[in-house]
Amino acid sequence: MSRTPRLPSSLLRVAACTSVAALALTACGSGSGSGSTSSGSGTVKVGLITKTDTNPFFVKMKEGAEKAAKENGAQLMTAAGKFDGDNAGQVTAIENMVAAGVKGILITPSDSKAIVPAIAKAKAKGVLVIALDTPTEPESAVDALFATDNLKAGELIGEYAKAAMKGKTAKIAALDLAPGVSVGVQRHNGFLKGFGATEKDVACAQDTGGDQAKGQTAMENCLQKNPDINLVYTINEPAALGAYTALKAKGREKDVLIVSVDGGCTGTQAVKDGKIAATSQQYPLKMAAQGVKAVVTYAKDGKKASGYTDTGVTLITDKAQPGVTSKDTAFGLENCWG
């Protein structure tokens, strides 16, 4: 993980905000009191709205935004949904931030379609809106998108799985996110593309919501349906660890290949421990940091960020396969989050 350089004393007075539920927005800035929306003259206000404030991915994203705000002399306002899928909370957060005078809003949309009208209202008032991690539908609803190429992330673990299977016939279990969620769809489709498979090759598909307990249940269901499953794709590492628990209970943990996406520290450690064969690591800190800088640039010279910025993805494994580019868990643990 990159280290933040020592800040000049003038910037140390700029305090970063704590993340709160979307209905209770908090802001702080040079010379402001707790909970105040006032700030020093000329200070750029930047809003960050995440899906939740508990998921380690979004905790790291907030950390990246806080560091970037301090480095750029900006004031950061944060909010989060009460749960993943809380569109109403995110809409309220956008309205509160616009009223507070933010110059730009960074958002990880809980509902890629339902959030679009609120984003349009913010943009109509001159606010730069950048999606982080999750694209809106349509993607053009925001000014820019800073995110992992989730299709590529899926392709990387698909290519790895293909090489690791060494010609064995794959009986695939897909532990997905939820119907219609773009991140989940892209990762799933990327995995199939990278492996050279189609939906017909998936022996069992279950939704997990990215949750470890649900991942375990999903794997148990798949094993009941098809006891011969030998390859498991998971939407993220919590789901992968749930799958591992279910497989271990059946004595199958050593003969089933598990691949995943995210690159959190717990998941990367699981790769090192041999529970997960490989994962595609993404970088939430980088997404947020680049987003904050883009808002500050817009405030200073009117230049808007636009289009899609790929914030990178790296295949992490300690069992490298010929023809598949990867880095080991030492690199992964140095650059993980959570």
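Structure's up top.
Residues numbered from 1 in each chain as written. Predicted model: local features only at pLDDT ≥ 70, side-chain atom pairs only at ≥ 80, totals over all residues. Heavy atoms only, no water.

Asker: I would appreciate a short explanation of the overall build of the protein chain in the present structure.
Answerer: Counting its regular elements, the protein chain contains 11 helices and 13 strands. In the protein chain, which comprises 338 residues, the share counted as buried stands at 55%. By sequence separation, contacts in the protein chain at least 24 residues apart represent 74% of the contacts at least 6 residues apart. In the structure as shown, the protein chain presents an accessible area of about 14,200 Å², 50% of it carried by carbon and sulfur atoms. (Helix = DSSP H or I, 4+ residues; strand = E, 2+ residues; numbered from the N terminus. Buried < 20%, exposed > 50% of the residue type's maximum accessible area, 1.4 Å probe, protein only. Contact = heavy atoms within 4.5 Å. Areas by Shrake-Rupley, 256 points an atom, 1.4 Å probe, with all protein chains shown as cover.)

Asker: Help me understand the environment of Val256, please; the structure alone is not making it clear to me.
Answerer: If you trace the backbone, Val256 turns up in the loop between α8 (237–249) and β10 (257–262). On the accessibility criterion, Val256 (8% relative accessible area) is buried. When the C-alpha atoms of Val256 and Lys275 are compared, they prove to be 9.9 Å apart, with 19 residues separating the residues in sequence. Excluding its chain neighbours within four sequence positions, the residues that come into contact with Val256 are Ile229, Asn230, Leu231, Val232 and Leu247.

Asker: What exactly am I supposed to notice about the packing of aromatic side chains here?
Answerer: Aromatic ring pairs are reported here in terms of the distance separating the ring centres and the angle at which the planes meet. Applying the stated criterion to the full structure yields 4 aromatic pairs. A centroid spacing of 5.0 Å and a plane angle of 20° characterise the contact between Phe191 and Tyr233, whose relative ring orientation is stacked. Within this pair, whereas Phe191 is found in helix α6 (residues 182–195), its partner Tyr233 is found in strand β9 (residues 231–234), the two being separated by 42 residues in sequence. Just as Phe191 is buried, Tyr233 falls in that class too. Put simply, the rings of Phe57, Phe58 and Trp337 pair up and form one aromatic cluster. For the cation-ring pair, Lys327 lies above Phe331, with the distance from its terminal atom to the ring centre recorded as 5.1 Å. (Phe/Tyr/Trp six-rings, centres within 6.5 Å; stacked < 30°, edge-to-face > 60°. Lys NZ or Arg CZ within 6 Å of the ring centre and 35° of its normal.)

Asker: Explanation requested: α6 in the structure shown.
Answerer: Since one α-helical turn is 3.6 residues long, residues separated by three or four positions face the same way. Over its 14 residues, α6 extends 20 Å from the first C-alpha to the last, a length consistent with the 20 Å expected when each residue adds 1.5 Å. Within α6, 10 of the 14 residues are buried, which leaves the element mostly enclosed by the surrounding structure. The complete set of buried residues in α6 reads Ser182, Val183, Gly184, Arg187, His188, Gly190, Phe191, Leu192, Gly194 and Phe195. Summarising the contacts, the buried residues of α6 are in contact with α5 (150–165), β7 (172–176), β8 (202–207), β9 and β10. One or two steps after α6, the chain reaches Gly196, where phi turns positive at roughly 80°. (Expected span 1.5 Å × (residues − 1).)

Asker: Help me understand the packing of α5 against α6, please; the structure alone is not making it clear to me.
Answerer: Each pair of packed helices gets described by two things: the angle between the helix axes and the distance between those axes. Where α5 meets α6, the axes come as close as 6 Å, and the angle between the chain directions of the two elements is 35°. The interaxial crossing formed by α5 with α6 has right-handed handedness. Taking contact as the criterion, the partners of Asn150, Leu151, Gly154, Glu155, Ile157, Gly158, Glu159, Ala161, Lys162 and Met165 in α5 are, on α6, Val183, Gln186, Arg187, Asn189, Gly190, Phe191, Lys193, Gly194 and Phe195. Taken together, the residues of the contact of α5 with α6 break down into 7 nonpolar, 7 polar and 5 charged. (Axes fitted to C-alpha atoms, helices over the stretch in contact; angles between N-to-C directions. Left-handed = near helix turned anticlockwise from the far one by under 90°. Nonpolar A, V, L, I, M, F, W, Y, C, P; charged D, E, K, R; others polar.)

Asker: I keep staring at the pairing of strand β5 (residues 128–132) and nothing clicks. Help me out?
Answerer: Two faces make up the sheet, and in a regular strand the side chains alternate between them. The buried fraction of β5 is high, at 5 of 5 residues. Side chains of β5 alternate between two faces, with Leu128, Ile130 and Leu132 and Val129 and Ala131 buried alike. Of the pairings in the sheet, the one linking strand β4 (residues 104–107) to β5 comprises 4 bridges and is parallel in character. Residue Ile105 lies in a different strand from β5, and its bridge partner there is Val129. With helix α4 (residues 116–124) bridging β4 and its parallel neighbour β5, the resulting β-α-β unit is right-handed. (Pairing = 2+ DSSP bridges. Right-handed = clockwise from strand over helix to strand, strands pointing away.)

Asker: What's the story with α8 in this structure? I'm lost.
Answerer: Given a rise of 1.5 Å per residue, 13 residues ought to cover 18 Å, and the 18 Å separating the end C-alpha atoms of α8 matches this to within 8%. Listed in full, the buried residues belonging to α8 are Glu237, Ala239, Ala240, Leu241, Gly242, Ala243, Tyr244, Ala246 and Leu247. Contact partners of the buried residues in α8: β7, α7 (212–225), β9, β10, α9 (265–272) and β11 (278–281). Taking the backbone nitrogen of Ala239 as reference, a side-chain oxygen 3.1 Å away marks Asn236 as the first, capping residue of α8. Just beyond α8, the residue with positive phi is Gly251, at close to 70°. (Polar contact = N/O pair within 3.5 Å; in protein donor to acceptor, adjacent residues only side chain to side chain.)

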